[in-house]
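Overview (structure and organization)
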Amino acid sequence: MVKKLMIHISSLPLSVKMMVTMLILSLVPLFVAGYFVQKTAYNLMLENKRSDLITHTGEVADTLSREIENHLSEAAAIAGNDVVRQYADNPTPGDGSGKMATTVDAFLSMHAEIKSIFFVDLDSGKVIFSTSDNLGYYLGNRSFIKQTAAGMKSTSAPSRDGGKDVIYYSAPVTNSENRVVMAAVSTVDAESFWEPLQEDSKFRGPGSVAIITDEFGVRIGHGSDRGMVYKAWAPLPRETVAALLEEQHYGADITEIEATDYPEIMAIILGARTTQTFTSQLDVRGETYEFGLSKIPGKHWTVMTAVPHSSFLGALDALRKGMMVIIIVTALIVTAVTLIASRFVSKPIRLLVSSAQQMADGDFTVRVPPIHDRELGCLSDEFNKMRTKVAETYNELEQGYLDMAKALVASLEARDHYTAGHTERVGQYAVTLARRLGLDDEETTKIKKAADLHDIGKVGVSDSVLLKPAKLSPEEFAEIKRHPGKSGEIVRYLGFLRDIVPAIEGHHERYDGKGYPRGLRGKNIPLGARILAVADAYDAMTTKRAYRDALSHEVAIRNLKEGAGSQWDPHIVDAFLEMIENERGECQKRI
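Residues numbered from 1 in each chain as written. Predicted model: local features only at pLDDT ≥ 70, side-chain atom pairs only at ≥ 80, totals over all residues. Heavy atoms only, no water.

Residues spaced three or four apart along an α-helix point in a common direction, a consequence of the helix completing one turn every 3.6 residues. Between its terminal C-alpha atoms helix 4 (residues 99-110) stretches 17 Å, which fits the 16 Å expected from 12 residues at 1.5 Å a residue. Every buried residue belonging to helix 4 is among Met100, Thr103, Val104, Phe107 and Leu108, and all of these are buried. An end-on view of helix 4 places all buried positions within 135° of arc, on one side of the element. Opposite its buried face, helix 4 presents the exposed residues Thr102, Ser109 and Met110, each directed more than 90 degrees away. (Helix = DSSP H or I, 4+ residues; strand = E, 2+ residues; numbered from the N terminus. Expected span 1.5 Å × (residues − 1). Buried < 20%, exposed > 50% of the residue type's maximum accessible area, 1.4 Å probe, protein only. Arc of directions from axis to C-beta.)

This is the structure we're talking about:
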């Protein structure tokens, strides 16, 4: 690993290595000092924040506990009222005397936070008196009613009934025989219970949140996102969910208990005994939070305050910014000095590297300009000598490969004396036509090479097919049709000729798309292929083949004209016809 790294570093430009070295020597000490300063400051802030979380979370829990006790006392007060206890001796639906309504209304007028009061007959489990519209409702399955039937004051979890989030505070009502026969229930808007959570979330800034979780791991209060209420931190066991829904633990409107995926946080909350802090990730963005937990006295509910680390790291910004200014200024000075120094050192080397890269790309015409340095000057002279020798060797090698390919084509024509000279003539036609069309020397040379090798793929065609004097069968014609592709495959092996492969493979495509091997149409056929197609067709028509005699020049010209626009590119046909007529005219003049 170290060896590979050293090799990679040694391959960097000299200027880069000088700059990196200077930056490391100057900036590393600054970074090290800054790191330890920020780490110490961060740890101090974290300890302070944890202490504050423990204190404040406990205060929120105490506030909620007092609110619960106050509302339970109110429920106990109405339960112990003499009129209510008299009604308990004969707890039947309605209020025949009207005394209950008067008593309850008077109580409500003195306790504005209570939205309604109703009484549940513990034998039937139904509401038998109510200031709201739930008279006759069955509530005997609710856990707070069951606890009240056992003689205890009880608080429900926040519940959603009739589209409203409420909390029920229940106290037992005894009759003249001192037997618990009814539950007096006061209904309070859950928003008043959640208000301390909302205030805490706002107080601690963006991203902070206060949440209440019950003994099952379900959120029953949220300071910023009401949509998370009644959702478990992690999936609950099926039997637990079924039991909670059956008793309408969170109200009649809650018919399913959704869950998020924070099993670790859920385990910590449920395992908390009194007050503690912990660090974890809360949301999908991966934000790290600091958590404070505190149990609500007298309940199995836990208040949790979550504060993102980013919210209390603002105090480090000034220190961080100051150090960054120092580091940036230092880096700029070092970079400027290094670049100026390296410019004089690395310029000759860059010239050599640039020239070597151009030569590697196949440009052997480049020469390294004179370098006024003894050692590098000698190196540049030797480089230029090497370039000349490599260029000569490359050209000889390229020509050798091309000559070998031509020899293969010549051997092919030797098999079929009818096509002798075909390749040379097609090449002459194609070159003259390319120049007439205005192609430059480089493109013209490519077309000449393509013409020289366009039929090399026929080397794989058997003599019985290639020299057959009669009409070819469909299978034999299919074998012939494969030769453009075979030619392309052979030429593609010669890397320096790959750019002529499209012209070779497409010289039997038709302008109307009915050719082979790919069925290309119109201008989608490479220009070189369209030129070769016309030159190849004319020579094929005007020379004798095994299966027919040579056509006359006039017949060949007529065929070209008729096939313009369908078999051949009409523009190229017109140029070819002009070329042929001009050449024939020149010949007649010489005669």
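We now examine the pattern of salt bridges. For the coordinates displayed, the defined rule picks out 14 salt bridges. Here Lys231 ties to Glu258 by a salt bridge, and the two come within 3.4 Å at their closest N and O atoms. Of the two residues, Lys231 sits in the loop between strand 8 (219-222) and helix 7 (238-246) while Glu258 sits in the loop between helix 7 and helix 8 (263-271), which places them 27 residues apart along the sequence. Three or more residues are tied together by salt bridges with common partners; here these are Glu442, Glu443, Lys446 and Asp499. (Salt bridge = Lys/Arg side-chain N within 4 Å of Asp/Glu carboxyl O.)

Turning our eyes to something else, we now look at helix 11 (residues 422-436). A rise of 1.5 Å per residue sets the reference length of helix 11, with its 15 residues, at 21 Å; its end C-alpha atoms lie 21 Å apart and thus fit the reference within 8%. What helix 11 keeps buried is the set His422, Thr423, Val426, Gly427, Tyr429, Ala430, Val431, Leu433 and Ala434. Among the residues trailing helix 11, Gly438 stands out with phi positive, at a value near 90°.

Now for the packing of helix 11 against helix 12 (residues 441-453). One way to put it is that helix 11 packs onto helix 12 with a least axis distance of 8 Å and a crossing angle of 160°. When the axis of helix 11 is compared with that of helix 12, the two are roughly antiparallel. Note that helix 11 runs across helix 12; the crossing there is right-handed. Facing Thr423, Val426, Gly427, Ala430, Val431, Ala434 and Arg435 of helix 11, the residues of helix 12 in contact are Thr444, Ile447, Lys448, Ala451 and Asp452. (Axes fitted to C-alpha atoms, helices over the stretch in contact; angles between N-to-C directions. Parallel < 35°, antiparallel > 145°, perpendicular 65-115°, else oblique. Left-handed = near helix turned anticlockwise from the far one by under 90°. Contact = heavy atoms within 4.5 Å.)

All right, on to the packing of aromatic side chains then. Summed over all chains, the structure comprises 11 aromatic pairs. On the basis of an interplanar angle of 55° and a centroid distance of 6.0 Å, the ring pair of Phe119 and Phe129 is categorised as tilted. With Phe119 in strand 1 (residues 114-121) and Phe129 in strand 2 (residues 126-130), this residue pair connects regions lying 10 residues apart in the sequence. A single burial state applies to Phe119 and to Phe129, both of which are buried. Cluster of aromatic residues (ring-pair linked, three or more members): Tyr87, Phe119 and Phe129. It is Arg219 that lies over the ring of Trp233; its NZ or CZ is 3.9 Å from the centre. The side chain of Lys299 reaches across the aromatic face of Trp301, ending 4.3 Å from its centre. (Phe/Tyr/Trp six-rings, centres within 6.5 Å; stacked < 30°, edge-to-face > 60°. Lys NZ or Arg CZ within 6 Å of the ring centre and 35° of its normal.)

Interpretation of this model should avoid reading the predicted coordinates in detail wherever pLDDT is low. Residues of the protein with pLDDT of at least 70 account for 74%, and the chain-wide mean is 80. Looking across the protein, the model is least confident in helix 10 (residues 374-415), with a mean pLDDT of 59, and most confident in strand 5 (residues 164-174), with 95. (pLDDT = per-residue confidence, 0-100.)

Moving on to the pairing of strand 5. Judged by how many residues are buried, strand 5 sits mostly within the fold: nine of 11 residues are covered. Bridge count for strand 3 (residues 154-155) against strand 5 is two bridges, and the pairing is antiparallel. Counterpart to Ser154 in the pairing with strand 5 is Ser170. Strand direction decides the pairing type here: strand 4 (residues 159-161) and strand 5, joined by three bridges, are antiparallel. Looking at the pairing, Ser159 lines up with Val166 of strand 5. The turn linking strand 4 back onto strand 5 is made up of two residues, and Gly162 within it adopts a positive phi angle of 60°. Two elements, strand 5 and strand 6 (residues 180-189), share nine bridges in a ladder whose sense is antiparallel. Looking across to strand 6, one finds that Tyr168 is bridged to Thr187. (Pairing = 2+ DSSP bridges.)

Bringing the nonpolar core into the picture now. Phe119, Met182, Phe193, Ile212, Tyr250 and Met304 are the most contacted members of the largest nonpolar core, which has 63 residues in total. Tallying contributions element by element places helix 2 (residues 14-79) first for this core, with eight residues. Those residues within four positions of Phe193 in sequence are excluded, and the remaining contacts are Leu64, Glu67, Ile68, Ile167, Tyr169, Ile212 and Trp301. Counting 37 residues, the second largest nonpolar core, distinct from the first, contains Ile504, Ala537, Ala556 and Leu560. (Core = buried A, V, L, I, M, F, W, Y, C linked by side-chain atoms within 4.5 Å.)

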